[in-house]
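Letter by letter, the chains look like this.
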Amino acid sequence: MQEIVRRIDAFTDKLGHWTAWLTLALVLVTGLIVLLRYAFQIGSIALQESIMYLNALIFTMGAAYTLKEQGHVRVDVFYNRLNDRGRLLVDVAGCMLFLFVSCGFILWASWDYVAVAWRVREGSAESSGLPFVYLLKSCLLLLPFLLVVQGVAELLRATRRLADRRSGPGNPQPASGGD
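Residues numbered from 1 in each chain as written. Predicted model: local features only at pLDDT ≥ 70, side-chain atom pairs only at ≥ 80, totals over all residues. Heavy atoms only, no water.

Caption draft 1: Quick look at the nonpolar core. By size, the foremost hydrophobic cluster in this structure holds 12 residues: A63, L67, L88, V92, C95, L99, C103, L143, L147, L155, A158 and L162. Only α2 (45-68), α4 (84-119) and α5 (133-166) provide two or more residues apiece to this core. What L67 contacts, discounting residues up to four positions off in sequence, is H72, L99, L147, Q150, G151 and E154. The next biggest cluster of nonpolar side chains, apart from the first, holds 10 residues, and it includes V29, I33, L54 and I58. (Core = buried A, V, L, I, M, F, W, Y, C linked by side-chain atoms within 4.5 Å. Buried < 20%, exposed > 50% of the residue type's maximum accessible area, 1.4 Å probe, protein only. Helix = DSSP H or I, 4+ residues; strand = E, 2+ residues; numbered from the N terminus. Contact = heavy atoms within 4.5 Å.)

Structure, rendered in structure tokens:
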């Protein structure tokens with residue numbers, strides 16, 4: 001179980017680092033758009049649309065990393081007042097009742113929308129825009145998938161810590177019958 005958590009966390013860390021580079025790309029492309037428009041009176045719809053693609057990728061891939069780093073929104077007014085066991089229980093309940101259910105709903109609600117975009121290879125409504133709208137819409141499926149994967153790691157981590165608390169020095173675990 002610990003190896004699964006370690007591998008998921010390593011994957012999410014790599015995603016987080018790629019997302020940081022995408023953020024730099026977003027800044028550079030935005031600067032290029034401004035420079036081209038105001039210094040040279042050149043406009044590019046495809047370049048402007050690339051901002052939307054980069055933003056979607058940053059949000060999609062950054063959400064799982066944010067979850068891993070405990071940067072997601074939580075009602076900290078109550079959470080901070082709880083003891084360690086209470087926090088772990090909130091983490092388990094949050095994964096099971098909110099994260100997994102919300103991600104399941106997003107997957108269910110988005111599936112046909114994304115499938116139709118792929119079926120027709122949907123492109124930009126603008127003639128000089130990017131022809132990859134179907135890839136952009138795929139972020140609607142990638143986001144909940146990545147959140148569920150990291151959510152599994154968070155759930156396993158919290159349940160392991162709860163189990164470790166139960167089997168601590170005052171609560172020995174019964175010996176397993178291996179004979």
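Caption draft 2: Molecular detail of a nonpolar patch on the surface. Taken together, L32, L35, F40 and I42 make up a surface patch of nonpolar side chains, about 380 Å² in accessible area. Here I42 lies in the loop between α1 (2-40) and α2. (Patch = residues over 30% accessible without salt bridge, like charges linked within 9 Å, V, L, I, M, F, W, Y side chains within 5 Å. Areas by Shrake-Rupley, 256 points an atom, 1.4 Å probe, with all protein chains shown as cover. Salt bridge = Lys/Arg side-chain N within 4 Å of Asp/Glu carboxyl O.)

Caption draft 3: Quick look at the pattern of salt bridges. A complete count under the given rule lists nine salt bridges for this structure. Between E3 and R6 there is a salt bridge; the shortest N-O distance is 2.6 Å. Of this pair, E3 and R6 both sit in helix α1, three residues apart, which is roughly one turn of that helix. Close ionic contact of R7 with E3 constitutes a salt bridge, the shortest N to O distance being 2.9 Å.

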